[in-house]
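Architecture and fold: a report
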Amino acid sequence: MRRTPMELAALATAAVPGLEPVAVGPSPDDATDFDSALIRGADGRSWRVRSPRGTEASARLETELLVLRAFSPAVRAELPFQLPAVAGTVRMDGLTTCVYTHLAGSIRELGDLASGGQRLVRDIGGALSAIHALPHALVDRADLPAYSANEFRQRRLNELDQAATTGKIPPVLLRRWENALEDVSMWRFNPTVVHGDLHEDNLLVDDGRITAVTGWTDLRVGDPADDIAWLVASNEPEFVDAVIAAYHEAREEPVDPHLLRRAALAAEFALAQYLVKALALGDREAAADGEDMLSQLASDIEAQDAAEAADREAEAREAEARQATAREAAARQTAAREAAAREAAQQQDTPTAATPIVAPPHRAPAQAEDTPTAATPIVPARPIVPAPSRGPAQPDRKPSSSGPAPGAPTLGNHDVEPPTDAIPVVGGWHGGLGAE
């Protein structure tokens, strides 16, 4: 059930006694769940009205009342932004409408935030960090859900099953989300307090600074990536990187390596959640928008996958070509080395005219020091005395075994024997030059 701005003004007067609306304007909000308006009173003060379009959204507004009351003055003072205050509520047709005091600042489009400068970037990162640093006890006091990493993953799986039953989710998206949810390594994170519905419509900006954060209907302990999904969906990569860098700098905790991957999944899966809500509300127009957005997302992913596959194939071909070139170069180098080795071997085996091959002399072990070389002539140690002529041979005479044979020359009364150390060495080269 939709409410017009004038109906919202009437609800505001019922919720806040003494309020006299003089002007009504639109207020950006989640059109699937809420009708919203900005109202100016006769006293010049401004108010914001949020009216739920269903029982689930009404329950979320009632949750926000508990959340805002759970923020003690001490906790609020530590935050780098303001929080809304509820001025009054009214219940009609079983649904609760809330009226909030006006906060300084205005809502900016995502493109304006991306071009807002470094100070705004640091404020957004600091706001995210401050929310995720809130004590878990805040959630406990409001009796809100708190999920462990594994419980949160199981919750996502259940939501995926619910979306699949509509029959309106493109198969490529179902496979993509199932694969991501089955990758357990992605889901190892430290749960934090999570705003749960953070996007540009819930940030108020004044003079380039974040002044307030609104929309506290989905506070819980869970995956901090849910509060970053709206950034990832912005298609402003430089802006996202700058905000995430400011966020990590303010958090001063170990960087979650899968934070952006889970944020991207949450951004995509939000379209399925949008469709499921639209179907539950019977809003055919919103459901048709949801189907169109999911179809476009599926087409974009298929095109991206095809481009990545083509890039991988091209890289594989380039790698194979490089390997083939390297193999050819290695083969040429090997052939060149083998040819050089063969040429060197042939040069060693073939004698040249300029360098005759001379075999080294061989010496007997006992005569190694006495054997003359070709450059040193043999000089006898003392003169060799030739044996005297024995005259005509007398074959019928035998030498006596007891003394010299008759007619043998004598020198005095001693036998003459050739000195053994004066015998010239003949044949010491063992056959002469070139024997080997």
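Keep in mind that this is a model prediction, so the values were computed, not measured. (Residues numbered from 1 in each chain as written. Predicted model: local features only at pLDDT ≥ 70, side-chain atom pairs only at ≥ 80, totals over all residues. Heavy atoms only, no water.)

Backbone geometry at Asp207 places phi at a positive 55°, although glycine is not the residue there. Take Asp207: it is sitting in the loop between strand S7 (203-206) and strand S8 (209-213). Since its relative accessible area comes to 60%, Asp207 is described here as exposed. Located in the positive-phi region is Asn235, a residue other than glycine, with phi close to 60°. Tracing the backbone through its elements, the reader meets Asn235 in the loop between helix H9 (229-232) and helix H10 (237-251). (Helix = DSSP H or I, 4+ residues; strand = E, 2+ residues; numbered from the N terminus. Buried < 20%, exposed > 50% of the residue type's maximum accessible area, 1.4 Å probe, protein only.)

If you check H10, its first and last C-alpha atoms are 21 Å apart, about what 15 residues at 1.5 Å a residue would give, namely 21 Å. Buried residues of H10: Phe239, Val240, Val243, Ile244, Ala246, Tyr247, His248 and Arg251, and no others. At its buried positions, H10 is contacted by helix H4 (110-114), helix H5 (118-132), strand S6 (192-194), H9 and helix H11 (259-281). Looking at the residues trailing H10, positive phi occurs at Glu252, about 55°. (Expected span 1.5 Å × (residues − 1). Contact = heavy atoms within 4.5 Å.)

On to the nonpolar core. The biggest cluster of nonpolar side chains holds 48 residues, and the ones touching the most others in it are Phe71, Phe81 and Trp216. The biggest single contributor to this core is H5, with seven residues. Not counting chain neighbours up to four residues away, the residues in contact with Trp216 comprise Glu64, Val67, Leu68, Phe71, Phe81, Leu83, Pro84, Ile131 and His195. Ranked by size, the runner-up nonpolar core spans 27 residues in total, among them Val172, Trp187, Phe269 and Ile301. (Core = buried A, V, L, I, M, F, W, Y, C linked by side-chain atoms within 4.5 Å.)

Compared with an ideal rise of 1.5 Å per residue, which puts 12 residues at 16 Å, helix H8 (residues 171-182) spans 16 Å between its outermost C-alpha atoms and is within 8% of the ideal. Regarding H8, the residues found buried are Val172, Leu173, Leu174, Trp177, Ala180 and Leu181. Contacts made by the buried residues of H8 are with helix H7 (149-164), H11 and helix H12 (284-349).

Moving on: the pattern of salt bridges. Using the criterion set out here, one finds 24 salt bridges in the structure. Note that Asp29 and Arg48 form a salt bridge whose closest N and O atoms lie 3.2 Å from each other. Residue Asp29 is found in the loop between strand S1 (21-26) and strand S2 (34-41), and its partner Arg48 is found in strand S3 (residues 46-52); the two are separated by 19 residues along the sequence. Classification of Arg48 by relative accessible area gives buried; the value is 12%. What emerges from the salt-bridge pattern is a single network uniting Asp33, Arg60, Asp197, Asp218 and Lys277. (Salt bridge = Lys/Arg side-chain N within 4 Å of Asp/Glu carboxyl O.)

This brings us to the packing of aromatic side chains. Per the stated rule, a full pass over the model turns up five aromatic pairs. With a centroid separation of 6.3 Å and an interplanar angle of 70°, the aromatic rings of Tyr147 and Phe152 are classed as edge-to-face. Exposure remark for Tyr147: the relative accessible area of 21% places this residue in the partly exposed category. Ring geometry for Phe152 versus Phe189: centroids 6.3 Å apart, planes at 85°, classification edge-to-face. Here Phe152, found in helix H7, pairs with Phe189, found in the loop between H8 and S6; they are 37 residues apart in sequence, far enough to count as distant. Here Phe189 falls in the buried class, since its relative accessible area comes to 8%. Taken together, the ring pairs connect Phe71, Phe81 and Trp216 into an aromatic cluster. Stacked on the ring of Phe34, the Lys or Arg Arg50 has its end atom at 4.1 Å from the ring centre. (Phe/Tyr/Trp six-rings, centres within 6.5 Å; stacked < 30°, edge-to-face > 60°. Lys NZ or Arg CZ within 6 Å of the ring centre and 35° of its normal.)

Our next topic: the packing of H8 against H11. Each packed pair of helices is defined by two parameters, the angle between the axes and the distance between the axes. Across the interface, H8 lies against H11 with an axial gap of 11 Å and an inter-helix angle of 135°. The angle between H8 and H11 places the two elements in the oblique class. As H8 runs across H11, the sense of the crossing is left-handed. Two secondary-structure elements touch here, H8 through Arg176, Trp177, Ala180 and Leu181 and H11 through Leu265, Glu268, Phe269 and Ala272. Of the residues contributing to the contact of H8 with H11, the split by class is six nonpolar, no polar and two charged. (Axes fitted to C-alpha atoms, helices over the stretch in contact; angles between N-to-C directions. Parallel < 35°, antiparallel > 145°, perpendicular 65-115°, else oblique. Left-handed = near helix turned anticlockwise from the far one by under 90°. Nonpolar A, V, L, I, M, F, W, Y, C, P; charged D, E, K, R; others polar.)

The next subject is the environment of Gly196. Here Gly196 is to be found in the loop between S6 and S7. Considered as a pair, Gly196 and Pro224 are 28 residues apart in the sequence and their alpha carbons are 8.7 Å apart. If near-sequence neighbours (up to four positions away) are discounted, Gly196 is found in contact with Asp218, Arg220 and Asp227.

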